[in-house]
Amino acid sequence: MAKLEEGQKAPSFTGKNQDGNEISLDDFKGQKVVLYFYPKDNTSGCTAEACNLNDNLDQFAEKGFKIIGVSPDSEASHRKFIDKHGLKFDLIADPEKEILEKYGVWAEKKMYGKSYMGVVRTTFVIDEDGVIEKIFKKVKTKEHSEQIFSELNL
């Protein structure tokens, strides 16, 4: 499992979005990216996080940021999630967990004393040169945008 740190080059990736179109980190060279990893479409925490980011999309755009979400859900699941909540950014399907593993967010988790593999909710802010500027490991789902703006002094 990758252990990424701030100041490192972000691992490059290519995946398919909710419409089956390929999206690569290289597509965003020269732009800032909020790359967030979440466990599952249409669950309470993941919906709160996605809607909070979506509600602040104009502020992110004004500051030069693009938002991309990644989860192990399918393209069809992402399409339904986007349509249901009116999301205006791409979600990448990673059912093989290749991107999740590159970013070190597919890991062992524990709940009720049981261990299982799952997505560790994490956000990476990547600068125009593809370098990881900030990593959020303790994501506040209902106020994630504010958390990002505050930590980056935006």
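First, a word on what this report is: a plain description of the structure on this page. Computed from a prediction, not measured in an experiment: that's the story for all the values here.

## Quick notes on the side chain of Arg121
Now for step 1: By the secondary structure assignment, Arg121 is in the loop between strand E7 (114-119) and strand E8 (122-126).
Now for step 2: One polar contact links Arg121 to Glu49, side chain to side chain, over a distance of 2.7 Å.
Now for step 3: Excluding residues that lie within four positions of it along the chain, Arg121 makes contacts with Phe37, Tyr38, Pro39, Gly45, Cys46, Glu49, Phe136, Lys137, Val139 and Thr141.

## Focus: the layout of surface pockets
Now for step 1: Here the second largest pocket defines a volume of roughly 150 Å³.
Now for step 2: Lining of the second largest pocket is provided by Phe28, Leu57, Ala61, Phe65, Lys66, Ile67, Ile68, Lys88, Phe89 and Asp90.
Now for step 3: At the level of secondary structure, the elements contributing two or more residues to the lining of the second largest pocket comprise helix H2 (57-62) and strand E4 (65-71).
Now for step 4: Residue contributions to the lining of the second largest pocket peak at four residues, all from E4.

## Quick notes on the pattern of salt bridges
Pairing between side chains of opposite charge can happen when the charged atoms of each approach one another.
Now for step 1: Summed over all chains, the structure comprises seven salt bridges.
Now for step 2: In this structure, the salt-bridge partner of Asp26 is Lys29, at a minimum N-O distance of 3.8 Å.
Now for step 3: With a relative accessible area of 61%, Lys29 lands in the exposed category.
Now for step 4: Note that Asp83 and Arg79 form a salt bridge whose closest N and O atoms lie 2.7 Å from each other. With a gap of four residues between them, Asp83 and Arg79 both fall in helix H3 (residues 75-85), about one helical turn apart.
Now for step 5: Note on Arg79: relative accessible area 26%, which makes it partly exposed.

Procedures and definitions
- Residues numbered from 1 in each chain as written.
- Predicted model: local features only at pLDDT ≥ 70, side-chain atom pairs only at ≥ 80, totals over all residues.
- Heavy atoms only, no water.
- Helix = DSSP H or I, 4+ residues; strand = E, 2+ residues; numbered from the N terminus.
- Polar contact = N/O pair within 3.5 Å; in protein donor to acceptor, adjacent residues only side chain to side chain.
- Contact = heavy atoms within 4.5 Å.
- 1 Å grid on protein atoms, 1.4 Å probe; cavity = no way out; pocket = protein on both sides within 12 Å on 5 of 7 lines; lining within 4 Å.
- Points joined across faces, edges and corners; volume = space filled by probe spheres on them.
- Salt bridge = Lys/Arg side-chain N within 4 Å of Asp/Glu carboxyl O.
- Buried < 20%, exposed > 50% of the residue type's maximum accessible area, 1.4 Å probe, protein only.

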